[in-house]
Amino acid sequence: MIEMGMLWDKPASDDKIFTKTTAPDGRSMWFKDRTEAPLENFFGLNVINRDIERYPGVLDRVRYDNMSVYVGRGVGGGSLVNGCMAVTPRRDYFETILPNVSADDMYDTYFPLANSMLGVNNATEELFESKYYQFSRVAQKAAINAGFKTANVPSSYDFGYMQQEADGDAPKSALDGEVIYGNNGGKQSLDKNYIPAAIGTGHVTLRTLTKVTKIEQEECIPYRSKRLMLQVPWSKHYRSAVTNCF
């Protein structure tokens, strides 16, 4: 398993692995001099983003001519930086959009398996009625008044842990603005479930800070991949190029 980003498993000098959204540093962005948050300004004022040091941080923004795409850089990919929404699509929508995929397999096996592996759950009534979810209640009321239906969105964030945050029994993480630059608490990102399970089989080797630049097939060798090792200031194992044969 080749990953361009880091394995985020070691705390920095502040005893945190990730930063919160309102206090970013180099850990927050992938080799950027300034953060590039999805919400870039507030009432036209550029008060959201901050200058930071360049570092192989967890969030990257890849710019194209007509759009930008946010990606997670690290073992766990986008699951490190997303909002934990874990929605199983309506079956009739799924069958219409992907008619060649077995809906029986997806809804009987794979969606339930993924939901179980990711610990998908819903916010309790106690949490939803707390001060932390006032914004959701206001939005829900406005939507209903406008004639829309609402639904609570399942999440892969552990709401049991969030309740501990709210009760003061665990360090605040989601409730302290740890979202797009990683989360130090109850977020069930892939580095906590699927990836350790895969490595635990003994059939998967993890290599981080590695970028694949080319994969080719040759006559006598099934596959050969050329990997570019990323050079970072604290790495003692930088090599400009490596070729592996499989």
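Just so you know, these numbers come straight off a predicted model, no measurement behind them.

Novice: Please explain the confidence of the model for the chain as it appears in this structure.
Specialist: Do not read the predicted coordinates in detail wherever pLDDT is low. Model confidence for the chain is summarised by a mean pLDDT of 88, while 85% of its residues fall at 70 or above. Note that residues 231-243 has pLDDT below 50 and, in this model, 24 contacts with residues that lie over four places away or in other chains.

Novice: I keep staring at the side chain of Arg73 and nothing clicks. Help me out?
Specialist: Its location among the elements puts Arg73 in the loop between β2 (68-72) and α1 (91-97). Accessibility expressed as a relative area gives 17% for Arg73, which makes it buried. Residues in contact with Arg73, not counting those within four places in the same chain, are Glu3, Met4, Gly5, Met6, Trp8, Trp30, Gly57, Val58, Asp60, Val62 and Leu80.

Novice: For this particular structure, what's the right way to read the pairing of strand β1 (residues 59-63)?
Specialist: Two faces, one strand: in a regular strand the side chains alternate between the faces of the sheet. Alignment of β1 against β2, held across five bridges, turns out to be antiparallel. Paired with Arg63 across the two strands is Ser68, which belongs to β2. Counting the residues in the hairpin turn of β1 and β2 gives four residues.

Novice: When you look at the layout of surface pockets in this model, what are you seeing that I'm missing?
Specialist: Rolling a probe over the atoms, with the probe sized like a water molecule, indicates the empty space that remains. One number sums up the size of the largest pocket: a volume of about 850 Å³. For the largest pocket, the lining is made up of 28 residues, of which Gly83, Tyr133, Phe135, Ser136 and Phe159 are closest to its centre. Those elements giving two or more residues to the lining of the largest pocket turn out to be α3 (125-128), α4 (134-145) and α5 (159-167). Counting residues per element, the lining of the largest pocket draws most heavily on α4, at four residues. Its volume calculated, the second largest pocket comes out at about 190 Å³. If you trace the second largest pocket, you find it lined by Met6, Leu7, Trp8, Asp9, Lys10, Pro11, Ala12, Lys16, Ile17, Arg27 and Tyr55. The class makeup of the residues in the lining of the second largest pocket is seven nonpolar, no polar and four charged.

Novice: Looking at this model, I keep getting lost on the side chain of Asn49. Mind explaining?
Specialist: Relative to the assigned elements, Asn49 resides in the segment before β1. Within the structure, the side chain of Asn49 is placed 2.9 Å from the backbone nitrogen of Ala37, a separation counted as a polar contact. Ignoring any residue separated from it by four or fewer positions in sequence, one finds Asn49 in contact with Arg34, Thr35, Glu36, Ala37 and Glu40.

Novice: I tried to follow α5 on my own but got confused; where do I start?
Specialist: Counting along an α-helix, one turn takes 3.6 residues, and residues three or four places apart therefore face a common direction. Buried within α5 we find Phe159, Tyr161, Met162, Gln163 and Glu165. Buried residues in α5 make contact with α3. Its side-chain oxygen at 2.9 Å from the backbone nitrogen of Gly160, Asp158 defines the N-terminal cap of α5. Just beyond α5, the residue with positive phi is Gly168, at close to 85°.

Novice: I'm lost on the pattern of salt bridges in this one. Help?
Specialist: For the coordinates displayed, the defined rule picks out 12 salt bridges. Arg91 is the salt-bridge partner of Asp104, the closest N and O atoms lying 2.5 Å from each other. Taken together, the positions of Asp104 in helix α2 (residues 103-117) and Arg91 in helix α1 put the pair 13 residues apart, joining distant regions of the chain. Three or more residues are tied together by salt bridges with common partners; here these are Asp14, Asp25 and Arg27.

Novice: In this structure, what is going on with the nonpolar core? I would like to understand it.
Specialist: A general trend in soluble globular proteins is that nonpolar side chains are found buried together. Judged by nonpolar contacts, the single largest core of 14 residues is most densely connected at Trp8, Phe18, Val58, Leu59, Leu80 and Tyr181. Once residues lying within four places of it in the same chain are set aside, the contact partners of Leu80 are Trp8, Phe18, Val58, Arg73, Gly74, Val75, Val179, Gly182, Asn183, Lys187, Ser189 and Asp191. Phe128, Tyr133, Tyr157 and Phe159 belong to the second-largest nonpolar core, a separate cluster that totals 10 residues.

Novice: How should the packing of aromatic side chains be read in this particular structure?
Specialist: For the structure shown, the criterion picks out seven aromatic pairs. Between Trp8 and Phe18 the ring centres are 5.3 Å apart and the planes differ by 40°, which places this aromatic pair in the tilted class. Note that Trp8 is positioned in the segment before β1 and Phe18 in the segment before β1, a separation of 10 residues in sequence. The class of Phe18 is buried, set by a relative accessible area of 7%. Aromatic side chains Tyr107 and Phe111 sit 5.0 Å apart centroid to centroid with 70° between the ring planes, which places their arrangement in the edge-to-face category. Of this pair, Tyr107 and Phe111 both sit in helix α2, separated by four residues, roughly a single helical turn. Here Tyr107 falls in the buried class, since its relative accessible area comes to 18%. Following the ring pairs from residue to residue traces out a cluster consisting of Phe94, Tyr107 and Phe111. Positioned above the aromatic ring of Trp30, the side-chain terminus of Arg73 is 5.7 Å from the ring centre.

Cut-offs applied
Residues numbered from 1 in each chain as written. Predicted model: local features only at pLDDT ≥ 70, side-chain atom pairs only at ≥ 80, totals over all residues. Heavy atoms only, no water. pLDDT = per-residue confidence, 0-100. Contact = heavy atoms within 4.5 Å. Helix = DSSP H or I, 4+ residues; strand = E, 2+ residues; numbered from the N terminus. Buried < 20%, exposed > 50% of the residue type's maximum accessible area, 1.4 Å probe, protein only. Pairing = 2+ DSSP bridges. 1 Å grid on protein atoms, 1.4 Å probe; cavity = no way out; pocket = protein on both sides within 12 Å on 5 of 7 lines; lining within 4 Å. Points joined across faces, edges and corners; volume = space filled by probe spheres on them. Nonpolar A, V, L, I, M, F, W, Y, C, P; charged D, E, K, R; others polar. Polar contact = N/O pair within 3.5 Å; in protein donor to acceptor, adjacent residues only side chain to side chain. Salt bridge = Lys/Arg side-chain N within 4 Å of Asp/Glu carboxyl O. Core = buried A, V, L, I, M, F, W, Y, C linked by side-chain atoms within 4.5 Å. Phe/Tyr/Trp six-rings, centres within 6.5 Å; stacked < 30°, edge-to-face > 60°. Lys NZ or Arg CZ within 6 Å of the ring centre and 35° of its normal.

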